[in-house]
Amino acid sequence: MSDSQTSDTGEGAWTPGASAFAASGLSILTATGVDAAAAALLEALRDCGIAAEAVAWTDHGELLFEPAEAGTSHNRAAAEAAFAGRPLPAGSGPDTQLLPPGAAEAGAVLLAAPGALATLDASASRLLALAGRRLSELFSIQRLQTSVKDLEQAEQLQHALFAIADMAASDRDMQSLLRGLHQIIGRLMYAENFYIALYDRQRETIRFIYFADEMDGGMHGPEQEFKASEMGGSLTLGLIRHGRAVRGPSEQIAETLGLIHEDALGTPSVDFMGVPMRRNDEVVGALVVQSYREGFSYTQSDCAVLSFVAEHVLNAVERKRGQEALEQHVADRTVELAQANMQLQAQVAERERAAHLQATLYKIAALANSQERDEDFYRSIHHSVGELLYAENFYIALLSADGTQLEIPYSVDVAGDDRVDRPLGQGLTEYALRLGHALLIDDQGVRELVARGEMDATHHASRTSAVCWLGAPLMGADGVMGMVVVQSYRPDLVYSSEDAELLTFVAHQIASSVQRRRHAEALHALNAELEQRVQARTRELRREISVREQVEAQLKHQVMHDPLTGLPNRLYLRDRLERALSSQQRNPQHAFALLYLDVDRFKLFNDSLGHLAGDAVLREVSARLLDCVRGPDIVARLSGDEFAILLEEGAQPATAVKIAQRIQARMQAAVQVGDRDLQASVSIGIAISHPRYQTIDEMLHDADVALYRAKATGRQRFVLFDERQQKAAMNVLELELQLRQALHAGEFVPYFQPIVRLDDGGTVGYEALIRWQHPTRGLLGPGEFLPVAEESGLIEAIDWHMYRLACTAGAPLVADDGFISINISPRHFQYEDFDQRLLDLLQETGFPPARLRIEVTESTLLGDPEAAARILQRLQDAQVGAALDDFGTGYSSLSYVHRFPLKSIKIDRSFIRDLGQADARRSLAIIEAVQGLARSLSLSVVAEGVETEAQRQALLAAGCPCAQGFLFGRPQPAGHWRAGAASGPALPRET
């Protein structure tokens, strides 16, 4: 035995107990985890003879136990009560001790057998203190590690967002940008399989602009569009319609989204995580990562990061798409401007050429009235032609009056060829005269004419061969009267077809001038002949006028008619309608009707079959409309698939109705478009002439209103315009005014419907419902005025008025037991102080908070979940319970229901309706599932809309405890139920 060890049992003496205490304390102090420290504490306490059962602590909101199997509901309740500062009464559960003992905010709690912690010796107390300090240290380390991890993740996310912004502003193309986005997201999480999908809500299509997948890599192209109707089992489409992030195995996701797993597209993934991309509260796409490998799964943190990144990815994609669209627009606009510039330059050149030609023609025309000699006259013509084209070698040849001689009044030739009058022969000029139109020919062509015998070889040999020869006939009243000819001996100067057209045009003016000069000398002697020619010219002008009138009529027809169907257009209809209205204003007995028609589902024909099919449908509809009207009636196409029929004869509205019925019957036959049979129908709005119409636009408006009414009531029908349709909008304004007056006059009254136990019919509470005691219309239900109140913004004032009435009138109903439930509009949860206002109201009316239950819908909770949870929690702390109304009709799921402090669930009446019938199996399954959910969350269940005894029996068999509906009583004033309570409980009955 060493000096430090003695047999003295006093202080400082060594004992086996001291050694065990030191070993236990060392194991606690050296524990590196909370669970290890807890296990060491439990073992040490057991060594001390204390029946310690478990240690409990919280980690990220989850209650954990050491050992794990100790986490029974009994122990959980005891631990939660200890953490809340309200431990269970002695003997009703295990003993609890906060660790460290006496700390205001303990991090753990020790659970032991009842009475085990009542008296602790010094060693046990020291162990508890030591364990409390070590657990506090470990909790601090955990918090620091979590903070460091959060900071690292935040920094990584910030770098990723900067990188996304930089790439969006770069000059990368779209696919390069998307690959870069993929790489960035891959640095944040496992993203080997990643894609981006964009959703077009108007066209109902999805496009996968980026798709990288190790299993289905070639499944989707970036430019390929998929119709939503063809993707029934797509997780992507389900995610977009779901509108919220999803995470888990693909089979589980499909079940959550209500998809049939057998219809799924692509390879099933081990873990699928997708988040929607939103723009202005509208889902416009999805961002998805998925894993096909075990061990590669995603966490809630990954989901939060991907949701945060999704908005920035959408911004980057839209920015790049906008940039590319702008660049394309600029490029297209540049091309358009260049083309427009070229067209303008061509137009300017053409106008300059036309102006020059016009000036030359004026000059040639003026020569006809000059008094100069023939030589000077022809020389001036030569100079004028020379201003338009090369005319260094020029001559004019004229036929003699008897047609046997070729006269050459003017000739200039640099080769020195002397041209004189000669009898008609086989020369090139004579050949051109026989053709009767312009001739452009080269030397080779002339040689071919000689070879064919069209020209005399001797005559050709006597002339200098021209490189290019161009002649245009001078057309007189009796046909060809001569030729005007230019020619070139230079190989670098040849004439073109445009020159031929120009010379032909000038030749007409030259011929006219030559002709006028010929006849000027014999003017006085040929008056009679001139008179005849004037008459002939007059007839010709009349024919021209007639032709012009026909052209004008044709143009007017084109302007006033639709080119596709040949029907009159909107301009024509307005003109005829103006005449009919003017006639009716002069003579009130002249009644007429306007039918406004619209082809039902025409956009579907165009979108699915193409515009050619749509045009075929319009032509067939036009033909059938013409078959249904009489001769004087006007059928017009206004625009697109809109038509109108003007009926000016016949008794109205009988004639209009008869025509409308005939049209509907005629449209029953299928329309043949290619190899398809389409079923086209029309909706018709009818307006009858009336003295109140001062303009045609008023009548067109009323016909359009009637058409809108016809389409709104189911299409393929006709509706006569009724002034009541116009008054309907006025009635809404009148009802809004009456609602304001009703608030001030106190015309709203509370009605109550009982909520009963299904087994014995006992009343457990009442639902307060609003009624309006209208001074003239009697008692009105909420459906007759609440929509207008919602739209006008009066709903909040009416709600608060109703809450006060319900508390005041309903207090006697629950004086002994039970509760009053009130319906809360979603808009009240927009105000953070709603709970305080409601509690103030309860205090003013003296209504006990524990007797009040508020009913909220799922849309109320999901609008702003965090704010809703805070408000409901504060109300629950004040003893005001909450019920989830219409459960099952929205987006109910465990992930949302358990987040909110609810007291009960109300099953929607749509699931109750089928009970007691042959096909009620699905509804029963849903009700049983809701029962299981409620039991797991300790919630009560109320079935709504019970109207028959068979439904009641089915609910009893399913284990549903409570219900309300007409079977147990319709909504009545509070006095009715007080009187009923005095006479005893009523048995269930059908009403």
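Residues numbered from 1 in each chain as written. Predicted model: local features only at pLDDT ≥ 70, side-chain atom pairs only at ≥ 80, totals over all residues. Heavy atoms only, no water.

The next point concerns the overall build of the chain. When you go through the chain residue by residue, the secondary structure sums to 30 helices and 32 strands. Here the C-alpha radius of gyration of the chain, 49 Å, is well above what a compact globule of 991 residues would show, namely 30 Å. Based on the C-alpha atoms only, the size of the chain along its principal axes is roughly 165 × 95 × 50 Å. Relative to its full complement of 991 residues, the chain shows a buried share of 43%. For the chain, long-range pairs separated by at least 24 residues make up 62% of all intrachain contacts whose partners lie at least 6 apart in sequence. Summed over all atoms, the accessible surface of the chain reaches about 52,200 Å², with 51% contributed by carbon and sulfur. Distance between charge centroids for the chain: 6 Å, based on 92 positive and 133 negative side chains. (Helix = DSSP H or I, 4+ residues; strand = E, 2+ residues; numbered from the N terminus. Rg over C-alpha atoms; globule rule 2.2 N^0.38 Å. Buried < 20%, exposed > 50% of the residue type's maximum accessible area, 1.4 Å probe, protein only. Contact = heavy atoms within 4.5 Å. Areas by Shrake-Rupley, 256 points an atom, 1.4 Å probe, with all protein chains shown as cover. Lys, Arg positive; Asp, Glu negative; His and termini not counted. Charge placed at Lys NZ, Arg CZ, Asp CG, Glu CD.)

This brings us to the nonpolar core. Judged by nonpolar contacts, the single largest core of 74 residues is most densely connected at Leu739, Ile822, Leu838, Ile854 and Leu955. When residues in this core are grouped by element, the largest group, 7 residues, is from helix α22 (residues 795-810). In this structure, Leu177, Met189, Val289 and Leu314 belong to the second largest nonpolar core, which totals 34 residues. (Core = buried A, V, L, I, M, F, W, Y, C linked by side-chain atoms within 4.5 Å.)

A complete count under the given rule lists 40 salt bridges for this structure. In this structure, the salt-bridge partner of Glu225 is Arg203, at a minimum N-O distance of 2.9 Å. Of the two residues, Glu225 is situated in strand β7 (residues 225-227) and Arg203 in the loop between β5 (193-200) and β6 (205-212); the sequence distance between them amounts to 22 residues. Between Arg827 and Glu796 there is a salt bridge, with the nearest N and O atoms lying 3.6 Å from each other. Of this pair, Arg827 sits in the loop between β27 (819-823) and α23 (834-845) while Glu796 sits in helix α22, placing them 31 residues apart in sequence. Shared partners join several salt bridges into a network, and the residues in it are Glu767, Glu855, Lys906 and Glu944. (Salt bridge = Lys/Arg side-chain N within 4 Å of Asp/Glu carboxyl O.)

Before going further, it helps to spend a moment on the sheet that holds strand β23 (residues 718-720). Taken in spatial order, the 5 strands line up as β18-β19-β17-β22-β23 in an open sheet, and their pairing is mixed. At either end of the open sheet lies a strand with only one pairing partner, and these are β18 (634-639) and β23. In this sheet, adjacent strand axes meet at a mean angle of 20° when their direction is disregarded. Sheet topology places strand β17 (residues 593-599) next to strand β22 (residues 682-688); 7 bridges connect them, and they run antiparallel. What sits directly across from Tyr596, in β22, is Gly685. Along the sheet, helix α18 (residues 654-666) makes contact with β17, β19 (642-647), β22 and β23, crossing β22 at roughly 175°. Packed on one face of the sheet, helix α19 (residues 696-712) meets β17, β22 and β23 and runs near 140° to β22. (Pairing = 2+ DSSP bridges. Axes fitted to C-alpha atoms, helices over the stretch in contact; angles between N-to-C directions.)

This part is about the side chain of His828. Structurally, His828 can be placed in the loop between β27 and α23. Overall, the relative accessible area of 1% leaves His828 in the buried class. When near neighbours in sequence (up to four residues on either side) are disregarded, His828 contacts Glu796, Asp799, Trp800, Tyr803 and Phe834.

A word on the packing of helix α15 (residues 570-586) against α19. In contact at an axis separation of 10 Å, α15 and α19 are set at 110° when each is read in the N-to-C sense. Our classification of the angle between α15 and α19 gives roughly perpendicular. For the pair α15 and α19, the contacting residues are Arg574, Leu577, Glu578 and Leu581 in the first and Ile696, Asp697 and Leu700 in the second. Looking at the contact of α15 with α19 residue by residue, the classes come out as 4 nonpolar, no polar and 3 charged. (Parallel < 35°, antiparallel > 145°, perpendicular 65-115°, else oblique. Nonpolar A, V, L, I, M, F, W, Y, C, P; charged D, E, K, R; others polar.)

Quick look at the packing of aromatic side chains now. Counting across every chain of the model gives 14 aromatic pairs. An angle of 65° between the planes, with centres 5.5 Å apart, marks the rings of Tyr195 and Phe208 as edge-to-face. Remark: Phe208 occurs in strand β6 and Tyr195 occurs in strand β5; sequence separation between them is 13 residues. Take Tyr195: its relative accessible area is 5%, and that puts it in the buried class. Judged by centre distance (5.5 Å) and plane angle (80°), the rings of Trp772 and Phe785 are edge-to-face. Here the residue Trp772 occupies a position in strand β25 (residues 763-774), and Phe785 occupies one in the loop between β26 (778-780) and α21 (786-792), the gap between them amounting to 13 residues. This pair shows no difference in class: Trp772 is buried, exactly as Phe785 is. (Phe/Tyr/Trp six-rings, centres within 6.5 Å; stacked < 30°, edge-to-face > 60°.)

A few words now on unusual backbone geometry. With omega at 0°, the peptide bond leading from Glu66 into Pro67 counts as cis. Its place among the elements puts Pro67 in the loop between β2 (62-66) and α3 (73-83). Here the residue pair Gln652 and Pro653 is connected by a cis peptide bond, since its omega of 5° sits within 30 degrees of zero. Looking at the element boundaries, Pro653 is found in the loop between β19 and α18.

In this structure, Gln664 sits in helix α18. Distance from Gln664 to Gln716, taken between C-alpha atoms, is 7.2 Å for residues 52 residues apart in sequence. When near neighbours in sequence (up to four residues on either side) are disregarded, Gln664 contacts Val682, Ile684, Gln716, Arg717 and Phe718.

On to the confidence of the model for the chain, then. Counting all residues, the mean pLDDT for the chain is 83, and 91% of those residues have values of 70 or more. Under a pLDDT of 50 for its full length, residues 1-16 has, in the predicted model, 5 contacts with residues more than four places off or in other chains. This model gives residues 983-991 a pLDDT under 50, and the stretch forms 14 contacts once residues within four places in sequence are excluded. (pLDDT = per-residue confidence, 0-100.)

So, about helix α28 (residues 921-936). Look at α28: 23 Å from first C-alpha to last across 16 residues, which is about the 22 Å you get at 1.5 Å a residue. Inspection of α28 places Ser923, Ile927, Val930, Gln931, Leu933 and Ala934 among the buried residues, and these make up the whole buried set. The buried side chains of α28 occupy one side of the element, clustering within an arc of 165° when seen end-on. Summarising the geometry of α28, the exposed residues directed more than 90 degrees from the buried face are Arg921, Arg922, Ala929, Arg935 and Ser936. Ser938 occupies a position one or two residues after α28 and carries a positive phi of about 60°. (Expected span 1.5 Å × (residues − 1). Arc of directions from axis to C-beta.)

Bringing helix α10 (residues 428-435) into the picture now. Burial analysis of α10 places 6 of its 8 residues in the buried class, which makes it a mostly covered element. The set of residues buried in α10 consists of Leu428, Thr429, Glu430, Tyr431, Ala432 and Leu433.

A few words on the sheet that holds strand β14 (residues 439-442). Strand pairing in a sheet is mediated by backbone hydrogen bonds. Such pairs are either parallel or antiparallel. Strand order in the open sheet made by the 6 strands is β13-β12-β11-β16-β15-β14, with antiparallel pairing throughout. Of all the strands in the sheet, just β13 (422-423) and β14 have a single pairing partner and so form its edges. Here 9 bridges tie strand β15 (residues 468-476) to strand β16 (residues 479-488), and the two strands are oriented antiparallel to one another. Bridged to Met475 within β16 is Val480.

With that settled, the discussion passes to the packing of helix α9 (residues 374-386) against helix α13 (residues 497-520). Where α9 meets α13, the closest approach of the two axes is 12 Å, and the angle between their N-to-C directions is 165°. If you check the angle between α9 and α13, you find them roughly antiparallel. Crossing of α9 over α13 shows right-handed handedness. Contacts between α9 and α13 involve Asp374, Phe377, Tyr378, Ile381 and Val385 on the former and, on the latter, Leu503, Val506, Ile510, Ser513, Val514 and Arg517. When grouped by side-chain class, the residues that make up the contact of α9 with α13 number 8 nonpolar, 1 polar and 2 charged. (Left-handed = near helix turned anticlockwise from the far one by under 90°.)

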